[in-house]
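Observations on the model geometry
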Amino acid sequence: MSVVEKFLTEELSGWKSWEIIWLIVATLVIAGVSIANNEPPLGFIAAVSGVMAVVLAGKGKLSTYLLGLVHVVTYAIISFYARYYGIVMLNVIYYLPMEFYGLYVWNKHMNPATNEVFKKRLPLRDTLILLVAVAILTMIYGSVLMFLNGNLPFVDALGTVVAVVAMYVSIKRYVEQWILWIIVNVVTVVMWIWALMHGTGSWAIFVMSVIYLFNSIIMYVKWVKEAEYK
């Protein structure tokens, strides 16, 4: 069996019925919204690849990082035109290289019995440190975005800072990433509602953000049940 065949076999194995249904429904919904609103190709690609990537992340599959590469590039371009510079910098400077790093780390910690990544819990002390760091960095970064005349600078900063932390925690395979993603997704939904109201938003990206929010809640429950306690 070739490397590609082995990879595809592992990615397609171990799926529960509800996980398959959720992946299909989420993908069809975002594709339908994109087509119905005459979304440009870039928005369609960003939305569909993003939705599929987060569902695969919840499933603990390596392909989340491959689709993630497609998503971060297209999403950064869309966010630039919406003047959400925090999101642009987050995707280009941070997410893009972290997709490669995440692929490397997860590949070393795959469970051969399930073909999913091993999951674990974050110690309480580390959780408290992260919360303090998020609060301080949000204030600093929000001030920078205000200086750049970005839209909703402190809301943008909160979503950006928490997303930075969440990505790192995700790569380290901690359950608590999903709590952080819930915060990020709530902030992102608010930001794209604001953008739509002011004529700079994308309906596909807005719906993508809503699906992200539902996915983060669903996957938090899944990971809590499956995590190892260190």
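Residues numbered from 1 in each chain as written. Predicted model: local features only at pLDDT ≥ 70, side-chain atom pairs only at ≥ 80, totals over all residues. Heavy atoms only, no water.

Description of the pattern of salt bridges
Under the definition given, this model contains ten salt bridges. Lys119 is the partner of Glu116 in a salt bridge, and the nearest nitrogen-oxygen pair spans 3.0 Å. Note on accessibility: Glu116 and Lys119 belong to one class, buried. Across the pair Lys222 and Glu226 runs a salt bridge whose closest N-O atoms are separated by 2.9 Å. Placement of the pair is Lys222 and Glu226 together in helix α9 (residues 203-226), with a separation of four residues, close to one helical turn. Using a relative accessible area of 6% as the deciding quantity, one classes Lys222 as buried. One salt-bridge network, in which partners are shared between bridges, spans Glu19, Lys59, Glu116, Lys119, Lys222 and Glu226. (Salt bridge = Lys/Arg side-chain N within 4 Å of Asp/Glu carboxyl O. Buried < 20%, exposed > 50% of the residue type's maximum accessible area, 1.4 Å probe, protein only. Helix = DSSP H or I, 4+ residues; strand = E, 2+ residues; numbered from the N terminus.)

Comments concerning the environment of Gln177
Its place among the elements puts Gln177 in helix α8 (residues 177-197). Accessibility expressed as a relative area gives 1% for Gln177, which makes it buried. Counting along the chain gives 15 residues from Gln177 to Val162, while the straight-line C-alpha distance between them is 9.8 Å. The residues touching Gln177, leaving out its near neighbours within four places in the chain, are Ala166, Val169, Ser170 and Trp223. (Contact = heavy atoms within 4.5 Å.)

A word on helix α3 (residues 41-59)
The end-to-end C-alpha distance of α3 is 27 Å, a good match for the 27 Å that 19 residues give at a rise of 1.5 Å each. Judged by how many residues are buried, α3 sits mostly within the fold: 14 of 19 residues are covered. Within two residues after α3, Gly60 carries a phi angle of roughly 80 degrees, on the positive side. (Expected span 1.5 Å × (residues − 1).)

A few points about the side chain of Ser34
Along the chain, Ser34 turns up in helix α2 (residues 17-36). Judged by its relative accessible area of 1%, Ser34 falls in the buried class. Setting aside chain neighbours within four positions, we find Ser34 in contact with Glu39, Phe44, Ala47 and Ala204.

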